Amino acid sequence: MVATQSIGAVNSGRLENAVNILNWQKEHAPAGFNVIRPFRKTHFATNEMAYILRIIGKTTLNTVPSYVVPVGDISLEKGGTIYNDQGKARHKSHKTGRDADVGYYYENKTLMTNLFSAVKNKKSWMPEQQWALFKTIVRTQYIDRIFVHPALKRELCDVAIKKGEIDKNAKSGVAFETLRRLIPDSGHDTHFHVRVKCSKAQYACKQMVDPEAKTGCF
């Protein structure tokens, strides 16, 4: 496999040798995820992001098999800024193949067809299954950050605390590492934004500083 090249910083870089996620989805049906806006041509990723999306899809097939996770923007084939029809940038990042917008888990299957608000549909959101998914992808050690709405981060903290997976004194472990990388951001009620790290094969990739070593739950 040719190494994909995520070049530069996430907010100003580009992409080379991209993986076509839409083609991968079709070739491996059922993939457990679905690119919902192929007309935007923003379904291109690094090998590492492709791997994470594969894990998300397989985990979904195993845990909530009747659902298909919607995937929004990743990157253009060559990376760079994604513009809307009015010429305005859609995102600050999504320029290097290392970022992807992914829908949340809901009990209501209709809400799994697109990017709906988990805050407005809190009763249908599945925090325990979401927590399990986040731990699964963080275990790969490929995850840099996952942006979620602050209210959802709070609920995920509550799940971890209730299960006894985390407390005020925790400094390590999968639960700690997952919560550390769950970054609260008010713009992420309709989807979580997952970002993967630079790989050793990406010679010109600029890695962000790791998130602060605390859960943000206490």
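Since we're looking at a predicted model, the values are computed, not measured.

Rules used throughout
- Residues numbered from 1 in each chain as written.
- Predicted model: local features only at pLDDT ≥ 70, side-chain atom pairs only at ≥ 80, totals over all residues.
- Heavy atoms only, no water.
- Helix = DSSP H or I, 4+ residues; strand = E, 2+ residues; numbered from the N terminus.
- Buried < 20%, exposed > 50% of the residue type's maximum accessible area, 1.4 Å probe, protein only.
- Salt bridge = Lys/Arg side-chain N within 4 Å of Asp/Glu carboxyl O.
- Pairing = 2+ DSSP bridges.
- 1 Å grid on protein atoms, 1.4 Å probe; cavity = no way out; pocket = protein on both sides within 12 Å on 5 of 7 lines; lining within 4 Å.
- Points joined across faces, edges and corners; volume = space filled by probe spheres on them.
- Nonpolar A, V, L, I, M, F, W, Y, C, P; charged D, E, K, R; others polar.
- Expected span 1.5 Å × (residues − 1).
- Contact = heavy atoms within 4.5 Å.
- Polar contact = N/O pair within 3.5 Å; in protein donor to acceptor, adjacent residues only side chain to side chain.
- Disulfide = S-S within 2.5 Å.

Engineer: What is the right way to look at the side chain of Thr46 in this model?
Structural biologist: Mapped onto the elements, Thr46 comes out in the loop between strand 5 (44–45) and helix 2 (47–63). A relative accessible area of 0% means that Thr46 is categorised as buried.

Engineer: How should I be thinking about the pattern of salt bridges in this particular structure?
Structural biologist: One pass over the full model with this rule turns up 13 salt bridges. For Arg145, the salt bridge goes to Asp144, with nearest N and O atoms at 2.8 Å. Residue Asp144 is classed as buried on the basis of its relative accessible area of 0%. Put simply, Arg180 and Asp210 hold a salt bridge, and the shortest N to O gap is 3.6 Å.

Engineer: How should I be thinking about the pairing of strand 10 (residues 192–196) in this particular structure?
Structural biologist: On a regular strand, one side chain projects to one face of the sheet and the next to the other, so that they alternate. By the criterion of burial, strand 10 is predominantly enclosed, with 5 of the 5 residues buried. Burial along strand 10 is two-sided: the face carrying Phe192, Val194 and Val196 and the face carrying His193 and Arg195 are both buried. By the bridge criterion, 4 bridges tie strand 7 (residues 99–102) to strand 10 in an arrangement that is antiparallel. Within the sheet, the bridge partner assigned to Asp101 lies in strand 10 and is His193. Note: strand 8 (residues 143–148) against strand 10, 4 bridges, orientation antiparallel. When the sheet's bridge partners are listed, Arg145 is paired in strand 10 with Arg195.

Engineer: I keep staring at the layout of surface pockets and nothing clicks. Help me out?
Structural biologist: Leftover empty space is mapped by rolling, across the atoms, a probe with the size of a water molecule. In this model, the largest pocket occupies a volume close to 250 Å³. Around the largest pocket, the lining comprises 13 residues; the ones closest to its centre are Lys92, Ser93, Asp185, His188 and His193. A breakdown of the residues in the lining of the largest pocket according to their chemical character gives 1 nonpolar, 7 polar and 5 charged.

Engineer: Would you mind going over helix 3 (residues 127–138) with me for this structure?
Structural biologist: Each full turn of the α-helix corresponds to 3.6 residues, which orients residues three or four apart in the same direction. Compared with an ideal rise of 1.5 Å per residue, which puts 12 residues at 16 Å, helix 3 spans 16 Å between its outermost C-alpha atoms and is within 8% of the ideal. Packed against the buried residues of helix 3 are helix 2, strand 8, helix 4 (150–162), helix 5 (174–181), strand 9 (182–184) and strand 10.

Engineer: Quick question: what am I supposed to make of the environment of Gln5 here?
Structural biologist: Note that Gln5 resides in strand 1 (residues 5–7). When the C-alpha positions of Gln5 and Lys122 are compared, they lie 38 Å apart, and in sequence the two are 117 residues distant. Beyond its immediate stretch of four places on either side in the chain, Gln5 contacts Arg14, Leu15, Glu16, Asn17, Ala201, Gln202 and Tyr203. Reaching out from Gln5, the side chain makes a polar contact with the backbone oxygen of Ala201 at a distance of 3.0 Å. Within the structure, Gln5 has its side chain in polar contact with the backbone nitrogen of Tyr203 (distance 3.4 Å).

Engineer: What am I meant to see in the state of the cysteines here?
Structural biologist: Two cysteines whose sulfur atoms are joined by a covalent bond form what is called a disulfide. For the structure shown, the criterion picks out 2 disulfides. A sulfur-sulfur separation of 2.0 Å characterises the disulfide bridge that pairs Cys157 with Cys217. Because the sign of the S-S torsion sets the handedness, a value of about -75° for the bond joining Cys157 and Cys217 places this disulfide among the left-handed ones. Here the residue Cys157 occupies a position in helix 4, and Cys217 occupies one in the segment after strand 10, the gap between them amounting to 60 residues. Overall, Cys157 belongs to the buried group, its relative accessible area being 1%. With relative accessibility at 6%, the residue Cys217 sits in the buried group.

Engineer: So what exactly am I meant to see when it comes to empty space enclosed by the protein here?
Structural biologist: A complete count under the given rule lists 1 cavity of 30 Å³ or more for this structure. Approximately 30 Å³ is the volume attributed to the largest cavity. Lining the largest cavity are Val35, Ile36, Arg37, Thr42, His43, Val71, Gly72 and Asp73. Looking at side-chain class alone, the lining of the largest cavity contains 3 nonpolar, 3 polar and 2 charged residues.

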